[in-house]
Amino acid sequence: MAVNPSRNQFRELMVDDEPTLEEVMACVFEVQEHEVRTYRALRSAPDSTVEELAADLDRDRSNVNRSLSTLREKGLASRERRLLDSGGHIYQYTATPLPEARELMHETLEQWTAAVHDRIDEFEAGAE
């Protein structure tokens, strides 16, 4: 996972006295507001399908699918395949529990901080 929070998001986060979960997640994981909304919806309704989430979020299924892909890439959601009695299958999605998501945020931010420290150490003495 790339460890490179957006400069603008990081600046905004640092000047906010009490940033929200959405603001911190957006900054640390470089996700959009709609992806954080999808994460919240999954927390409220585990084992949701894309259709259920699309209806709940009032968004197009393809957009919800993209949000879910991003959340899965960032480790914030998981997918399970469920076989249907009538044949075929569907995918159900579940949000990573908040304690685990918090730990992921800590780990990601620590990696970013270490990368910044390494970069600082690379500066030449007297360089401007």
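The preceding data block contains the structure.
This report concerns the structure included in the present document.

Once that is clear, we can look at the pattern of salt bridges. Applying the stated criterion across every chain yields a total of three salt bridges. Among the ionic pairs, E22 bridges to R40, the shortest N-O distance being 2.1 Å. Taken together, the residues E22 in helix 2 (residues 21-29) and R40 in helix 3 (residues 33-44) connect sequence positions 18 residues apart. Take E22: its relative accessible area is 26%, and that puts it in the partly exposed class. As a salt-bridge pair, E122 and R119 come within 3.1 Å of each other at their nearest N and O atoms. Of this pair, E122 and R119 both sit in helix 6 (residues 98-122), three residues apart, which is roughly one turn of the helix. Residue class for R119 comes out partly exposed when judged on its relative accessible area of 45%.

A few words now on helix 5 (residues 61-73). Under the 1.5 Å per step criterion, the end-to-end length of helix 5 is 18 Å for 13 residues, consistent within 8% with the ideal 18 Å. All buried positions along helix 5 are accounted for by V64, S67, L68, T70 and L71. Taken end-on, helix 5 shows its buried residues confined to a sector of 160°, consistent with a single buried face. For helix 5, the elements touching its buried residues are helix 3, helix 4 (50-57), strand 1 (77-83) and strand 2 (89-95).

Below, the discussion takes up the nonpolar core. M25, F29, Y39, L42, V64, L68 and L76 are the most contacted members of the largest nonpolar core, which totals 22 residues. Listing elements by their share of this core, those giving two or more residues are helix 2, helix 3, helix 4, helix 5, strand 2 and helix 6. Once you skip the residues sitting within four places of it in the chain, M25 turns out to touch E30, V31, V36, Y39, L76 and M105.

Glancing now at unusual backbone geometry. Phi is positive for D47, close to 65°, though the residue is something other than glycine. Turning to its location among the elements, D47 is positioned in the loop between helix 3 and helix 4. Note on D47: relative accessible area 42%, which makes it partly exposed. In this structure, D58 takes a positive phi of about 55° despite not being glycine. Looking at the element boundaries, D58 is found in the loop between helix 4 and helix 5. Given a relative accessible area of 71%, D58 falls into the exposed group.

Conventions used here
- Within every chain, residues take consecutive numbers counted from 1 along the sequence as written.
- Reporting of local features is limited, given that this is a predicted model, to residues whose pLDDT is at least 70; pairs of side-chain atoms are given and counted only at 80 or more, and all residues count toward the totals for whole chains, interfaces and linings.
- Working from all heavy atoms in the structure, the side-chain values ignore hydrogens and water.
- Definition used for salt bridges: Asp or Glu carboxyl oxygen within 4 Å of a side-chain nitrogen of Lys or Arg.
- Secondary structure is summarised from DSSP: a helix means a run of H or I of at least four residues, a strand means a run of E of at least two, and numbering begins at the N terminus for each.
- Working definition: with a 1.4 Å probe on protein chains only, accessible area under 20% of the residue-type maximum means buried, over 50% means exposed, and in between means partly exposed.
- How far a helix is expected to stretch is found by multiplying one less than its residue total by 1.5 Å.
- To be clear, the arc concerns the directions from the helix axis to the C-beta atoms.
- Only heavy atoms enter the contact rule, under which two residues are in contact if any of them lie within 4.5 Å.
- Throughout, nonpolar core names a set of buried Ala, Val, Leu, Ile, Met, Phe, Trp, Tyr and Cys residues whose side chains join them through atoms within 4.5 Å.

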